[in-house]
Amino acid sequence: MEESDVLSLQRQYQKFSDFYFCYCGQARCQPLHSYGPAVRPNYLLHYILEGRGIFRCEGREYELGKGEGFLIEPDKETFYQSSREEPWTYLWVGFDGANCKTCLRSIGLGNGQRIFRYENGQELKKLVESMLSYNKSDEVSVFLLQSLLCQFFACLAKEMKRNVEDGSSRKEKENLYVYQALEFIHNNYANGITVGDIARYVALDRSYLFTLFRNVLNSSPQEYLARFRLTRAKEQLILTNASVANIAFSCGYQDPQVFSKAFKQQFGMTPVKYRSQERACSTKM
């Protein structure tokens with residue numbers, strides 16, 4: 001059992017699509033109170049105000065306590081349970097939208113990173129209590145709840161930035177820069193970006209960015225960008241009927257001949273031959 005206070009925004013009042021508030025709450029749990037195993041339809045962040053408990057996801061178990069939190073992602077089975085000796089009190093915020101992954105990456109979560117730490121729990125508690133106070137389904141509440149969700153993420157982003165600047169190891173900093181660079185590549189590879197654009201995005205010198213990529217990925221930024229573009233091109237050759245020229249443009253190549261040459265160099269055959277070969281194999285299966 002748990003003593004809880006919950007607010008859920010009715011779908012018909014939702015005005016946002018990229019990143020939006022769904023619900024929130026806070027609860028004081030009884031010893032061994034649990035939830036799951038269950039699958040959620042949206043994203044959910046829990047933050048522990050007091051006590052301890054466990055969180056399980058994809059075969060991993062995390063023992064968590066005051067000042068720590070965990071991320072639940074859509075369509076992934078999770079289980080969490082309060083401690084017998086020190087049952088936890090936690091708050092939660094549910095959210096969804098097409099841009100959630102990008103927002104989570106900006107605070108260091110997602111892609112397997114489910115656990116976070118935040119020192120000023122009272123700050124998050126006040127935000128959730130403010131959310132709970134806007135319990136009317138009207139236009140004003142919708143906008144206020146959206147602003148509070150952004151403030152919640154701003155707090156976590158501020159903590160992450162402080163950790164990177166002041167308390168993280170050199171390896172953690174390097175991984176973060178590379179992670180941000182990969183995010184930029186994945187979101188912009190079709191726009192003809194260059195290594196210079198990537199370096200400017202993460203605010204690093206090109207030579208230092210090159211060194212980080214070599215250290216973390218054993219690849220240069222240029223090699224990774226080219227490989228990512230060509231991999232996306234392979235997918236389009238198999239899954240669509242678009243022309244080779246259109247696929248080249250959609251993957252960031254301005255010249256289809258340059259694309260075809262790079263594709264053959266990487267995979268040992270032209271794009272046309274690759275498509276023909278893959279479709280012939282599919283027909284035989």
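Bear in mind that the values here come from a model prediction, so they are computed numbers and not experimental data. (Residues numbered from 1 in each chain as written. Predicted model: local features only at pLDDT ≥ 70, side-chain atom pairs only at ≥ 80, totals over all residues. Heavy atoms only, no water.)

1. So, the confidence of the model for the protein
No. 1: Residue-level pLDDT values for the protein average 86, and 89% of them are 70 or greater.
No. 2: Between the elements of the protein, mean pLDDT differs from a low of 62, seen in strand β1 (residues 2–8), to a high of 96, seen in strand β4 (residues 43–50). (pLDDT = per-residue confidence, 0-100. Helix = DSSP H or I, 4+ residues; strand = E, 2+ residues; numbered from the N terminus.)

2. Re the side chain of E73
No. 1: Its location among the elements puts E73 in the loop between β7 (68–72) and β8 (77–82).
No. 2: Judged by its relative accessible area of 12%, E73 falls in the buried class.
No. 3: Leaving out residues up to four positions away in the same chain, E73 has contacts with R40, N42, Y43, G110, N111 and R114. (Buried < 20%, exposed > 50% of the residue type's maximum accessible area, 1.4 Å probe, protein only. Contact = heavy atoms within 4.5 Å.)

3. Overview of the packing of helix α7 (residues 221–239) against helix α9 (residues 256–267)
No. 1: Contact geometry of α7 with α9 gives a least axis separation of 11 Å together with a crossing angle of 95 degrees. In this view, α7 runs roughly perpendicular relative to α9, as classed from their interaxial angle. Contacts between α7 and α9 pair R227, L230, A233, K234 and L237 from the former with F259, A262, F263, Q266 and F267 from the latter.
No. 2: Residues of the contact of α7 with α9, tallied by class, amount to seven nonpolar, one polar and two charged. (Axes fitted to C-alpha atoms, helices over the stretch in contact; angles between N-to-C directions. Parallel < 35°, antiparallel > 145°, perpendicular 65-115°, else oblique. Nonpolar A, V, L, I, M, F, W, Y, C, P; charged D, E, K, R; others polar.)

4. Focus on the packing of aromatic side chains
No. 1: Taken as a whole and assessed by the stated rule, the structure comprises 22 aromatic pairs.
No. 2: Their ring planes at 70 degrees and their centres at 5.8 Å tell us that F19 and F95 sit as a pair that is edge-to-face. In this pair, F19 is assigned in the loop between β1 and β2 (20–29) and F95 in strand β9 (residues 89–96), connecting sequence segments 76 residues apart.
No. 3: Taken together, the aromatic side chains of Y35, F55, Y62, F70, Y80, W88, Y90 and W92 make up a single cluster linked through ring pairs.
No. 4: A cation over an aromatic ring shows up here: R229 above the ring of Y253, its NZ or CZ 6.0 Å from the ring centre.
No. 5: One residue, K234, lies across the ring of F267, its end atom 4.3 Å from the ring centre. (Phe/Tyr/Trp six-rings, centres within 6.5 Å; stacked < 30°, edge-to-face > 60°. Lys NZ or Arg CZ within 6 Å of the ring centre and 35° of its normal.)

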